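Survey of secondary and tertiary structure
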Amino acid sequence: MTVFAWIETQGAYAQPSSWETLGGARALADALQTDLRAVIFGGDSGSAASDAGRYGADAVIVCACETMESQVAQLSSLVAERKPRAVVAAGSSRGRELMASAAFDTGSGLISDVFELRVEDGLIIGTRPVYAGKVLMDMRAETATTFLTLRPRAFPTPAKGAKSQVPIETVAAVDAPSSPLTTVETIAAEAGAISLTDASIIVSGGRGMANNPVAAPGTLSADEANIWRAQQGFAHILKPLAAVLGAAIGASRAAVDAGYIAYEHQVGQTGKVVSPDLYIACGISGAIQHQAGMRGSKIIVAINKDKNAPIFKLAHYGIVGDLYEIVPALTAALERKLS
Amino acid sequence: MAHIVTFTRSTPDTAAKVWVAESGAVTWGDVATVVNPWDEYSLEETIAQAKAARGRSTALAIGGALHDDALKHSIALGINSAIRIEEPGADAGDSLVWTALAAGAINKLGDVDLAIFGKESVDVGSDQHMYQVARSLGWSMLSLVSKIIELDFATRSIKVERTVEAGKDIVTARLPAVLSVLKDINEPRYPNFLGIRKAAKAKIPVWSAADLGIELPAAATTALSYSNPPARDISTEIIAGADAAEKAALLASHLLAEKVL
Ligand SMILES: Cc1cc2nc3c(=O)[nH]c(=O)nc-3n(C[C@H](O)[C@H](O)[C@H](O)COP(=O)(O)OP(=O)(O)OC[C@H]3O[C@@H](n4cnc5c(N)ncnc54)[C@H](O)[C@@H]3O)c2cc1C
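Here the structure is a predicted model, which means the values were calculated and not measured.

Here we come to the overall build of chain B. Looking only at helices and strands, chain B has seven helices and 15 strands in total. Each of the three principal axes of chain B carries a C-alpha extent, and together these read 70 × 45 × 40 Å. A sequence separation of at least 24 residues applies to 67% of the contacts in chain B between residues at least 6 apart. As presented, chain B carries roughly 11200 Å² of accessible surface, and 52% of it is formed by carbon and sulfur atoms. Considering chain B, the positive charge centre built from 25 side chains and the negative charge centre built from 32 side chains are found 8 Å apart.

Quick look at the structure:
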């Protein structure tokens with residue numbers, strides 16, 4: 001008996017979220033009294049394979065298959081052959097597609113977006129949010145193998161152990177249909193930018209960002225001037241705070257729809273669901289659809305000039321005031337304390 | 001003629017309170033439902049692409065009569081026809097069962113070139129069924145599409161921009177394909193008067209598994225129970241101080257003490 005944990009790699013390196021996966025899968029394997037195998041797809045598994053051992057895998061399976069199509073075929077074949085009790089992956093874009101596809105090909109049950117796992121009478125039960133987190137659901141798979149995707153940051157990263165020699169098994173790639181997709185170009189995300197779903201700190205701006213007191217160029221229309229002031233605010237007021245904290249930048253839908261910042265930054269019901277240790281909301285009222293994306297944050301700070309803004313009901317700390325005065329002061333205070 | 005299918009469903013208004021009743025069932029009282037918010041973008045893309053290709057569009061929903069509202073809204077927006085698929089007693093909450101019904105409906109329609117989904121369903125909070133529909137049909141899967149760059153039904157090719165964690169990928173594929181689309185792909189239209197009248201008169205046909213000529217697989221998962229999340233016990237500390245600098249310094253001290261930096 002075994003449990004598989006899929007380790008997502010980027011080149012020779014594992015994505016940090018993979019170690020959360022390994023931690024969650026380790027606890028599951030222990031509860032089921034089975035061993036834990038890390039599964040790595042990709043040509044060069046260099047540091048990822050040895051790190052998998054240090055983060056808690058008993059063994060590593062490596063296979064050089066690059067495309068989603070070949071990884072699905074490989075994983076399905078490994079599952080059919082070795083019948084793991086569970087296959088666990090991070091709920092990333094690739095993780096979700098790979099798990100759903102291999103679960104289909106092997107006729108297995110998949111429980112997605114799990115934030116709590118337990119074993120009862122030898123059966124795996126996953127707890128997941130439904131209705132934007134307003135309700136929780138306990139789900140069980142009825143098949144020999146349970147596929148699971150884990151909600152980002154729901155499972156802690158295990159401590160990295162000393163260098164260990166875990167067995168690494170290289171398996172030959174199975175025959176897979178050639179990929180139906182051809183990637184013609186890849187445009188990398190902004191260098192050094194932190195992915196919102198993996199961020200431990202997020203600084204977010206809302207419609208209030210437009211109330212930047214700087215004067216906009218006189219050539220702009222009123223609407224354009226608003227956008228310009230808000231963009232300046234994201235660049236010169238929020239970014240420095242994010243830089244001091246090593247934080248990612250988030251935004252409300254109102255800020256995105258008004259053109260202040262790109263959609264990739266949107267937090268909420270129709271954006272990203274995040275659960276950082278610290279979420280600082282600046283000029284955001286705290287509408288229920290925004291809350292749907294950030295309610296799970298450990299500590300919430302609200303900076304808003306309206307003392308009745310709903311965001312204060314959700315916040316652990318609040319400052320009633322103009323973000324254009326408070327945020328630069330906070331950046332300076334943190335710079336002093338953190339240096 | 002090009003034929004694009006899209007899937008939609010009715011979900012409780014995003015502002016509604018949703019909770020687990022004494023009976024253990026999920027409820028939102030008598031608050032109205034809306035079209036699943038992510039579907040606003042897939043509906044718009046389906047209508048616009050079908051029009052551009054002088055083709056037609058069909059909206060499908062899987063489940064009970066609740067979803068007729070979403071299908072009627074689809075017609076009001078400009079989708080050509082709408083069909084609901086319901087197999088009484090089947091557990092459409094299981095993605096393999098859902099997928100069998102969805103793929104069965106696409107196969108019954110017969111001439112579908114493209115199936116477009118919104119990124120996920122806000123009620124079940126999941127997207128697994130889309131990938132599984134693509135597997136079941138043996139179609140190309142293009143997920144998280146932020147732009148359709150080229151779509152050519154004659155040469156059966158599609159080129160899209162996908163937005164993923166690492167950045168953007170420009171990808172080409174053959175039709176038929178399954179797409180899931182993001183919010184930034186378009187600006188959804190509003191229904192016009194004619195559309196609303198058409199929707200009010202529309203009769204939504206209902207197909208069963210027998211109509212599709214399929215046998216459903218056993219459900220691979222079971223929803224065991226629903227529960228209300230524990231109440232968030234928060235006391236908000238509003239930070240007072242003489243000026244911005246004093247308030248900011250106090251907040252910084254609190255954050256250090258919370259050990260979240
Ligand atoms: C189906 C659906 C899906 C949605 N999805 C999302 C989603 O994913 N994410 C999301 O965020 N919203 C979403 N919304 C929109 C949501 O309902 C709100 O409209 C939106 O969150 C408001 O954004 P905001 O707080 O930035 O703007 P507002 O509500 O306008 O609030 C701006 C705030 O800024 C404050 N302010 C102004 N100037 C300053 C200043 N100088 N200093 C300090 N404070 C200042 C004001 O007091 C106010 O509280 C969705 C809505 C619907 C219907």
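With that settled, the discussion passes to the interface of chain B and chain A. The interface is formed by 82 residues belonging to chain B together with 84 residues belonging to chain A. When chain B packs against chain A, close to 6900 Å² is buried across both sides, 59% of that on carbon and sulfur atoms. Run the count over chain B and chain A and you get five salt bridges. At the boundary of chain B with chain A, the tally comes to 37 residue pairs in polar contact (both at pLDDT 80 or more). Considering every element that reaches the side of chain B that touches chain A, the biggest residue donor is helix 7 (residues 244-257) of chain B, with 11 residues. Here the side of chain B that touches chain A is composed, by residue class, of 44 nonpolar, 21 polar and 17 charged. Here strand 18 (residues 317-320) of chain A runs beside strand 15 (residues 237-238) of chain B; their pairing, made up of two bridges, is parallel. In the sheet register, glycine 318 of chain A faces strand 15 of chain B, and the bridge partner there is isoleucine 238 of chain B.

Here we come to the domain arrangement of chain A. All names here are of chain A. We note that the domain assignment places domain 1 (2-170) and domain 2 (201-338) within chain A. Just the C-alpha atoms count here: the centres of domain 1 and domain 2 sit 35 Å apart. In this complex, domain 1 contributes six residues to the contact, which on the side of domain 2 involves eight residues. Carbon and sulfur atoms make up 38% of the surface buried where domain 1 meets domain 2, a total of about 470 Å² over both sides. Interface area lost by domain 1 to domain 2 is led by Ala132, Lys134 and Arg153, which between them contribute 78%. Inspection of the domain 1/domain 2 interface yields one salt bridge.

With that settled, the discussion passes to unusual backbone geometry. With omega at -5°, the peptide bond leading from leucine 175 of chain B into proline 176 of chain B counts as cis. Along the chain, the position of proline 176 of chain B falls in the loop between strand 11 (167-174) and strand 12 (177-181). Non-glycine residue aspartate 121 of chain A carries a positive phi angle of around 50°. For aspartate 121 of chain A, the position within the fold is in the loop between strand 8 (116-120) and strand 9 (123-130). Residue aspartate 121 of chain A is classed as exposed on the basis of its relative accessible area, which comes to 79%.

With that settled, consider helix 9 (residues 323-338) of chain A. Given a rise of 1.5 Å per residue, 16 residues ought to cover 22 Å, and the 21 Å separating the end C-alpha atoms of helix 9 of chain A matches this to within 8%. Along helix 9 of chain A, the residues classified as buried are Leu323, Tyr324, Ile326, Val327, Ala329, Leu330, Thr331, Ala333 and Leu334 of chain A. Here the buried face of helix 9 of chain A lies against helix 5 (222-245), strand 16 (278-282), strand 17 (299-304) and strand 18 of chain A together with helix 7 of chain B. Taking the backbone nitrogen of tyrosine 324 of chain A as reference, a side-chain oxygen 2.8 Å away marks aspartate 322 of chain A as the first, capping residue of helix 9 of chain A.

All names here are of chain A. Within the structure shown, the criterion is met by 27 salt bridges over all chains. One salt bridge connects aspartate 51 with lysine 160, and the closest N-O pair in it is separated by 3.5 Å. Placement of aspartate 51 in helix 2 (residues 46-54) and of lysine 160 in the loop between strand 11 (146-150) and strand 12 (168-170) is noted, with a sequence separation of 109 residues between them. The closest approach of N and O atoms between glutamate 120 and arginine 118, which form a salt bridge, is 2.7 Å. With relative accessibility at 32%, the residue arginine 118 sits in the partly exposed group.

Let us now look at the site of the ligand. Residues and elements named next belong to chain A. Taken together, 27 residues lie around the ligand, and Arg207, Asn211, Ser252, Thr270 and Ser285 are the ones closest in. Taking glycine 271, its main chain carries an N or O atom lying 3.4 Å from an oxygen atom of the ligand. One of the backbone nitrogen or oxygen atoms of glycine 283 is found 3.0 Å away from an oxygen atom of the ligand. Computed on the free molecule, the ligand has an accessible area of 990 Å², of which 81% lies beneath the protein chains in the complex. Tallied by class, the residues present in the shell around the ligand amount to six nonpolar, 16 polar and five charged.

What counts, and where the lines are drawn
Residues numbered from 1 in each chain as written. Chains lettered and ligands numbered in written order. Predicted model: local features only at pLDDT ≥ 70, side-chain atom pairs only at ≥ 80, totals over all residues. Heavy atoms only, no water. Helix = DSSP H or I, 4+ residues; strand = E, 2+ residues; numbered from the N terminus. Contact = heavy atoms within 4.5 Å. Areas by Shrake-Rupley, 256 points an atom, 1.4 Å probe, with all protein chains shown as cover. Lys, Arg positive; Asp, Glu negative; His and termini not counted. Charge placed at Lys NZ, Arg CZ, Asp CG, Glu CD. Buried area = accessible area lost by both parts, 1.4 Å probe. Salt bridge = Lys/Arg side-chain N within 4 Å of Asp/Glu carboxyl O. Polar contact = N/O pair within 3.5 Å; in protein donor to acceptor, adjacent residues only side chain to side chain. Nonpolar A, V, L, I, M, F, W, Y, C, P; charged D, E, K, R; others polar. Pairing = 2+ DSSP bridges. Domains from an automatic or database assignment. Buried < 20%, exposed > 50% of the residue type's maximum accessible area, 1.4 Å probe, protein only. Expected span 1.5 Å × (residues − 1). Near = heavy atom within 4 Å.

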